[in-house]
Amino acid sequence: MNYEYYKIFYCVGKHKNITRAAAELYSSQPAVTRAVQNLETELGCRLFIRTKKGVEFTHEGQTLFNYVSVACEQFIKAEDELSRAVSLNGGTVYIGATVTALHCFLFDFMDKFNKKYPEVKFKIRTNSSDNTIEYLKNGSVDLAFVTTPCNAPKPLNVLKIKQFRDVVIAGNKYSFLKDKVIGFEDLKKYPFISLAHGMQLRQFVDDVFSRHGLTVSPDIELDGADLLVPMVTHNRGLAIVPEGITKDAAERGDIFQVNFKDELPVRHVCLISDTQHTQSTASRELYRMILNEMK
């Protein structure tokens, strides 16, 4: 079996477009198409269906991609790392992170790291906590940054690196709340925005409401923490969000922090690592710098 076929298949599947895949591979569209057809012939099944926008997976193609993508990402990561000097004059930090972890810790720390090592590049994959941990487990990233509550199985190493609080925010439509102090019972009087079930912030919100004998029934459910502040800005309701992601919108005057009488529990940004996978030189140095920062 020709590995190059799998690499081309992965690239086409990633873009869902033969033209873009050919550009990334510095190849021609006919050559990419032939490689996919050759792979289909060898495997005895069809992998893609052509559409007006590009291509879509067949059932067999999606199954193959789920396996091939992990291997190809590892190969690409290795090729990228080995193409650079092993010194910190180059190299790449491979990171998986949630949106909250980025805003509450990682953005600021990346600035510190790049001031010391300006030639180092970052490759960051953002997703939910569970998916970010999966990236770490399969070796797609070297370090994972998530927030509590997190479910990281052994033998992954979990280190709490920064604490933060969540706050209740509202848009200007609710400016009449600026001079009021409200609690959990009062939140039920207004439209409430939260994340979907299965996401860590939603689990946190559910747990906090439960401790006060209440249940969460959001008027709007979202699939990403980065959507909470924009939704509040557009006056769709109130939300509980990490304080770190509110700064820009608050400074613009688009939102304000509601005076909340019930203090929300402290949460933490966690750094998760996996000693079973080899890390890039740059990733090891970032990890070391974070540990030194905590001393």
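Given the structure is predicted, the values throughout are model-derived calculations rather than measurements.

What counts, and where the lines are drawn
- Residues numbered from 1 in each chain as written.
- Predicted model: local features only at pLDDT ≥ 70, side-chain atom pairs only at ≥ 80, totals over all residues.
- Heavy atoms only, no water.
- Core = buried A, V, L, I, M, F, W, Y, C linked by side-chain atoms within 4.5 Å.
- Buried < 20%, exposed > 50% of the residue type's maximum accessible area, 1.4 Å probe, protein only.
- Helix = DSSP H or I, 4+ residues; strand = E, 2+ residues; numbered from the N terminus.
- Contact = heavy atoms within 4.5 Å.
- Lys, Arg positive; Asp, Glu negative; His and termini not counted.
- Salt bridge = Lys/Arg side-chain N within 4 Å of Asp/Glu carboxyl O.
- Pairing = 2+ DSSP bridges.
- Axes fitted to C-alpha atoms, helices over the stretch in contact; angles between N-to-C directions.
- Expected span 1.5 Å × (residues − 1).
- Disulfide = S-S within 2.5 Å.
- Parallel < 35°, antiparallel > 145°, perpendicular 65-115°, else oblique.
- Left-handed = near helix turned anticlockwise from the far one by under 90°.

Peer 1: Help me out: how do you make sense of the nonpolar core in this one?
Peer 2: Here is a general trend for soluble globular proteins: nonpolar side chains tend to be buried in one another's company. Ranked by internal contacts, the top residues of the largest apolar core, which has 38 residues, are F184, L187, V205, F209, L228, L238 and I240. For this core, the elements supplying multiple residues, two or more each, are strand 7 (166-171), helix 7 (184-187), strand 9 (192-195), helix 8 (200-211), helix 9 (228-233), strand 11 (238-242) and strand 12 (255-257). Residues in contact with L228, not counting those within four places in the same chain, are I193, S194, L195, L201, L222, A239, I240 and V241. Counting 25 residues, the second-largest nonpolar core is a separate cluster that includes V120, F164, M289 and I290.

Peer 1: What is the right way to read the side chain of D274 from this model?
Peer 2: By secondary structure assignment, the location of D274 is in the loop between strand 14 (267-273) and helix 11 (281-294). Buried and without a salt bridge, D274 has K137 as its closest oppositely charged side chain, separated by 8.5 Å. Among residues more than four places away in sequence, those in contact with D274 are L136, K137 and L156.

Peer 1: Sorry, what's going on with the pattern of salt bridges here?
Peer 2: Side-chain pairs of opposite charge can arise whenever the charged atoms involved come near each other. Scanning all chains against the criterion turns up twelve salt bridges. Where D186 meets K189, a salt bridge forms, and the shortest distance between an N and an O atom there is 3.1 Å. Note that R252 is salt-bridged to D254, the shortest N-O span being 2.8 Å. Several salt bridges converge on common partners, so that one network encompasses R202, D206 and E221.

Peer 1: Before we go on, may I ask you to explain the sheet that holds strand 10 (residues 220-222) in this structure?
Peer 2: Two modes of strand pairing occur in sheets, parallel and antiparallel, and in both the strands are linked by backbone hydrogen bonds. Taking strand neighbours across the sheet as the criterion, the five strands line up as 10-9-11-7-12 in an open arrangement whose pairing is mixed. Unpaired on one side and paired on the other, strand 10 and strand 12 mark the two borders of the sheet. On average, each strand axis in the sheet is inclined to that of its neighbour by 35°, with strand direction left out of account. Here strand 9 runs beside strand 11; their pairing, made up of two bridges, is parallel. By the bridge assignment, I193 is partnered in strand 11 with A239. Contacts from helix 8 reach strand 7, strand 9, strand 10 and strand 11, with the element oriented near 125° to strand 9.

Peer 1: Explanation requested: helix 11 in the structure shown.
Peer 2: Since the α-helix turns once every 3.6 residues, residues separated by three or four places project in the same direction. Compared with the 20 Å implied by 1.5 Å per residue over 14 residues, the 20 Å span of helix 11 between its first and last C-alpha is a close match. Of all the residues in helix 11, the buried ones are A282, S283, E285, L286, Y287, M289 and I290.

Peer 1: Looking at this model, I keep getting lost on the side chain of E73. Mind explaining?
Peer 2: Within the secondary structure, E73 is located in helix 4 (residues 59-82). Those residues within four positions of E73 in sequence are excluded, and the remaining contacts are Y10, R125 and S140.

Peer 1: I tried to follow the state of the cysteines on my own but got confused; where do I start?
Peer 2: Summed over all chains, the structure comprises zero disulfides. Unpaired in terms of disulfides, C11 finds its nearest cysteine sulfur in C72, a separation of 9.3 Å. C45 takes part in no disulfide bond, and the closest cysteine sulfur, belonging to C72, lies 16 Å away.

Peer 1: Please explain unusual backbone geometry as it appears in this structure.
Peer 2: Negative phi is the rule for most residues except glycine; trans is the rule for most peptide bonds. The omega torsion across T148 and P149 is 0°, close enough to zero to call that bond cis. Across the junction of K154 and P155, the peptide omega takes the value 5°, indicating a cis bond. In this structure, P155 sits in the loop between strand 5 (143-147) and strand 6 (157-164). The backbone of K16 shows a phi angle near 55°, a positive value even though the residue is not glycine. Residue K16 is classed as partly exposed on the basis of its relative accessible area, which comes to 28%. A positive phi is found at Y26, a non-glycine position, where the angle reads about 55°. Within the element layout of this structure, Y26 appears in the loop between helix 2 (18-24) and helix 3 (29-43). On the basis of relative accessibility, which here comes to 80%, the residue Y26 falls in the exposed class.

Peer 1: Explain the packing of helix 1 (residues 3-15) against helix 3 here, please?
Peer 2: Helix packing geometry: the angle between the two helix axes and the distance between the axes. Where helix 1 meets helix 3, the closest approach of the two axes is 9 Å, and the angle between their N-to-C directions is 115°. One element, helix 1, and the other, helix 3, form an angle in the roughly perpendicular class. Relative to helix 3, helix 1 is oriented so that their crossing is left-handed. Of the residues in helix 3, those in contact with Y5, Y6, I8, F9 and V12 of helix 1 are V32, A35, V36, N38, L39, E42 and L43.

Interpretation note: all reported values are geometric properties and have no functional meaning in isolation.
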